[in-house]
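Here is what each chain is made of, one letter per residue.
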Amino acid sequence: MPVSQAIRTDVAELNNLVNSAYRGETSKQGWTTEANLLDGLRIDEETLDTYFDDDAIIILKNTDENGRINGCVYLEVREPQLYVGMFSVSPLQQGNGIGRDLLLAAESYAKQANLHTLTMTVISVRHELINWYERRGFKATGEIVPFHADKKFGDPKLPIELIVMEKSF
């Protein structure tokens, strides 16, 4: 299951993957669901498409033996750090090492770009996810930021805040 850079023609498949990993009934088959916290889409094709026009952003994808995308991660250079977002693994494939492989690929990309810190935001009540990141070397910085007010990434069912986590290497 190789990790490679996504391309614009992957937008529809990436959109389906990310939304299935976080929202709706399919997401409930995995442990990364946010369906109990947010309504609406996690991402849309229009937003995904714009990422391919920004030189600071790449999306890495993991594919199965048939070439289908079963995992992805958004990476954005925010000097002196590399921001990690939209980290998604198919609910049917979670627990098979895809997430670990994507994080290792993100670290490799950061090192190649001479960046030595990965940073991300995580919904503060997602304790199982925070613990997963902590087991991979991430630490909460103590910084808390509000969830996106424009509902671009979903409509919160309750007040949501994000914690900032980092991993330096």
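Below: a short report on this structure.

Now for the overall build of the protein. Broken down by element type, the protein carries five helices and nine strands. Shown N-terminal to C-terminal, the secondary structure of the protein runs as helices and strands in the order β-α-α-β-α-β-β-β-α-β-α-β-β-β. On C-alpha atoms alone, the protein measures out to a radius of gyration of 15 Å, which is about the 15 Å that the 2.2 N^0.38 rule sets for 169 residues. Over its C-alpha atoms, taken along the principal directions, the protein stretches across nearly 40 × 40 × 30 Å. Relative to its full complement of 169 residues, the protein shows a buried share of 50%. Of the contacts made within the protein by residues no fewer than 6 positions apart, 65% connect residues no fewer than 24 positions apart. Total accessible area computed for the protein in this model is approximately 8600 Å², and 49% of it derives from carbon and sulfur atoms. For the protein, the distance from the average site of its 17 positive side-chain charges to the average site of its 25 negative ones is 6 Å.

Right, let's get into the side chain of Ser 90. With respect to the helices and strands, Ser 90 occurs in the loop between β5 (81-89) and α4 (98-112). Taking relative accessible area as the criterion, Ser 90 reaches 14% and is therefore assigned buried.

Quick look at the environment of Ala 113 now. You can see Ala 113 is positioned in the loop between α4 and β6 (117-123). By relative accessible area, Ala 113 is classed as partly exposed at 32%. Residues Ala 113 and Leu 82 lie 31 residues apart in sequence; the distance between their C-alpha atoms is 8.9 Å.

Summarising the element assignment, Asp 10 is placed in the loop between β1 (3-5) and α1 (11-22). Apart from residues no more than four positions distant in its own chain, Asp 10 is found in contact with Lys 61 and Ile 69.

Turning to the pattern of salt bridges, a few remarks are in order. Using the criterion set out here, one finds 11 salt bridges in the structure. The partner of Asp 53 in a salt bridge is Arg 8, and the shortest N-O contact between them spans 2.5 Å. Taken together, the positions of Asp 53 in the loop between α3 (45-51) and β3 (57-63) and Arg 8 in the loop between β1 and α1 put the pair 45 residues apart, joining distant regions of the chain. Across the pair Glu 34 and Arg 126 runs a salt bridge whose closest N-O atoms are separated by 3.7 Å. On the criterion of sequence distance, the pair formed by Glu 34 in the loop between α2 (24-27) and β2 (38-39) and Arg 126 in the loop between β6 and α5 (127-135) is long-range, its members being 92 residues apart. The same class applies to Glu 34 and to Arg 126, which are both buried.

Parameters at a glance
- Residues numbered from 1 in each chain as written.
- Predicted model: local features only at pLDDT ≥ 70, side-chain atom pairs only at ≥ 80, totals over all residues.
- Heavy atoms only, no water.
- Helix = DSSP H or I, 4+ residues; strand = E, 2+ residues; numbered from the N terminus.
- Rg over C-alpha atoms; globule rule 2.2 N^0.38 Å.
- Buried < 20%, exposed > 50% of the residue type's maximum accessible area, 1.4 Å probe, protein only.
- Contact = heavy atoms within 4.5 Å.
- Areas by Shrake-Rupley, 256 points an atom, 1.4 Å probe, with all protein chains shown as cover.
- Lys, Arg positive; Asp, Glu negative; His and termini not counted.
- Charge placed at Lys NZ, Arg CZ, Asp CG, Glu CD.
- Salt bridge = Lys/Arg side-chain N within 4 Å of Asp/Glu carboxyl O.

Keep in mind these values describe shape, not function.
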